[in-house]
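# Residue-level structural notes
For reference, the chains in residue letters:
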Amino acid sequence: MILYDHPLSGNCHKVRMLLSMLGLKAETRFIDVVNHAHIGVGFERLNPLLEIPVLEDGTEVIPDSQAILVYLARKYGPDWFPTEAPNAAQVVRWLAFAAFPIAASLQPARLYHLIGEDGDIQALNARCARVLAVLDSHLAGREWLVVRPSIADLACFPYVALCGDARLSLDPTPHVKAWVARVKALPGYVSMPGLD
Ligand SMILES: N[C@@H](CCC(=O)N[C@@H](CS)C(=O)NCC(=O)O)C(=O)O
């Protein structure tokens with residue numbers, strides 16, 4: 001398996017966590033998305049959107065962190081993606097939450113501070129607060145986003161847990177803070193810069 005990766009990418013980290021939790025090894029290929037060095041060098045054959053992560057597993061090429069989590073769970077770790085209809089639907093709901101609300105708030109707020117990416121930081125901070133409040137009320141009285149640890153938790157985890165890079169605190173959302181600690185305690189958990 002090959003993971004096209006950048007060590008500071010939270011989206012790549014979702015995949016690194018699941019690979020490790022499943023005891024799978026992947027060769028990593030560094031893709032310098034920060035300096036746009038992946039444009040015009042053939043990377044678009046792997047992902048026409050020019051985004052990482054991309055996973056290659058034999059002849060399969062899977063772009064998008066959520067899609068990769070689904071692939072890895074279905075193929076190598078079925079416990080991570082419940083199949084009963086209500087739980088499967090809830091997992092997809094939180095994969096979508098990672099792909100849209102989190103990707104439009106915590107991810108760009110982090111990049112604004114970390115690498116000086118353009119953005120309206122006040123608007124982003126307001127969106128981050130809403131996203132964290134939604135998660136906090138869902139996690140009140142629950143340990144995991146869906147009945148047990150699943151790819152839903154891994155999809156939502158990185159940019160929430162990396163909120164210090166976005167100069168945000170989890171103190172106002174104690175249920176989210178406790179969930180972050182639970183994810184970090186899962187067997188096979190791996191860290192990345194900004195998470196400790
Ligand atoms: N929906 C995608 C988003 C991936 C994404 O935002 N990747 C960023 C790095 S974390 C990227 O490759 N950006 C490069 C660019 O936009 O040029 C996923 O979940 O994998």
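Residues numbered from 1 in each chain as written. Predicted model: local features only at pLDDT ≥ 70, side-chain atom pairs only at ≥ 80, totals over all residues. Heavy atoms only, no water.

### Some details on the domain arrangement of the protein
Counted only if it meets this: Domain limits in this description derive from either an automatic procedure or a database domain assignment. When checking whether two residues touch, look at their non-hydrogen atoms; a contact exists if any pair is within 4.5 Å. Criterion for a salt bridge: a side-chain nitrogen of Lys or Arg within 4 Å of a carboxyl oxygen of Asp or Glu. For the purposes of these results, a polar contact is taken to be a pair of N or O atoms within 3.5 Å, where, inside protein, one atom must be able to donate a hydrogen and its partner to accept one; residues adjacent in sequence count only when each atom of the pair is a side-chain atom. Helix numbers and strand numbers start at the N terminus; a helix is a DSSP run of H or I with at least 4 residues, a strand a run of E with at least 2. Gly is put with the polar residues, along with every residue not named as nonpolar or charged; the nonpolar set is Ala, Val, Leu, Ile, Met, Phe, Trp, Tyr, Cys and Pro, and the charged set is Asp, Glu, Lys and Arg.
Assigned domains within the protein: domain 1 (2-78) and domain 2 (80-184). Contacts between the two partners involve 18 residues from domain 1 and, on the opposite side, 18 residues from domain 2. Counting across the interface, domain 1 meets domain 2 through 0 salt bridges. Where domain 1 packs against domain 2, one counts 8 residue pairs in polar contact (both at pLDDT 80 or more). For the side of domain 1 that touches domain 2, the element with the highest residue contribution is helix 1 (residues 10-21), accounting for 7 residues. Split by residue class, the side of domain 1 that touches domain 2 holds 10 nonpolar, 6 polar and 2 charged.

### Considerations on helix 4 (residues 106-115)
We count it as follows: When a residue's accessible area, from a 1.4 Å probe over protein chains only, is under 20% of the maximum for its type it is buried; when over 50% it is exposed; and in between it is partly exposed.
Here helix 4 has its buried residues at Leu106, Gln107, Pro108, Ala109, Arg110 and Leu111. Contacts from the buried residues of helix 4 go to helix 1, helix 3 (85-102), helix 5 (121-139) and helix 6 (151-161). Just beyond helix 4, the residue with positive phi is Gly116, at close to 70 degrees.

### A closer look at the sheet that holds strand 4 (residues 60-63)
Quick reminder of the rule: Paired strands, as defined in this entry, are two strands with at least two bridges between them according to DSSP. Here, axes are lines fitted to C-alpha atoms. For helices the fit covers the stretch in contact, and angles between N-to-C directions go from 0 to 180 degrees.
Read across the open sheet, the 4 strands follow the order 2-1-3-4; overall the sheet is mixed. Because the sheet does not close on itself, it has two edges, and the strands there are strand 2 (27-30) and strand 4. In this sheet, adjacent strand axes meet at a mean angle of 20 degrees when their direction is disregarded. When strand 1 (residues 2-5) meets strand 3 (residues 54-57), the two strands line up antiparallel, connected through 3 bridges. By the bridge assignment, Ile2 is partnered in strand 3 with Glu56.

### Looking at the UniProt feature "domain: GST N-terminal" (unreviewed entry) in the protein
Note the following rule: UniProt positions are given in the numbering used here, feature names are shortened, and annotations may be inferred rather than shown by experiment.
Mapped onto this numbering, the UniProt entry annotates "domain: GST N-terminal" (unreviewed entry) at residues 1-80. Taken as a whole, residues 1-80 contains 30% helix and 20% strand, while its terminal C-alpha atoms sit 19 Å from one another.

### Section: the site of the ligand
Selection rule: Note on definitions. A residue lies near a molecule or strand when any single heavy atom of the residue is within 4 Å of it. The Shrake-Rupley method, run with a 1.4 Å probe, gives the accessible areas here. Residue values count only the displayed protein chains as cover.
Within the structure, the ligand sits among 13 residues, and Ser9, Ile52, Asp64, Ser65 and Gln107 are positioned closest to it. At 3.4 Å, a side-chain N or O of Asn11 approaches an oxygen atom of the ligand. The contact in question runs from a nitrogen atom of the ligand to an N or O atom on the backbone of Ile52, over 2.8 Å. Taking 520 Å² as the accessible area of the ligand by itself, protein coverage stands at 75%. Of the residues contributing to the shell around the ligand, the split by class is 5 nonpolar, 6 polar and 2 charged.

### Description of the UniProt feature "domain: GST C-terminal" (unreviewed entry) in the protein
Under the local residue numbering, the UniProt record ascribes the feature "domain: GST C-terminal" (unreviewed entry) to residues 84-196. Helix makes up 61% of residues 84-196 and strand 0%, with an end-to-end C-alpha separation of 35 Å.

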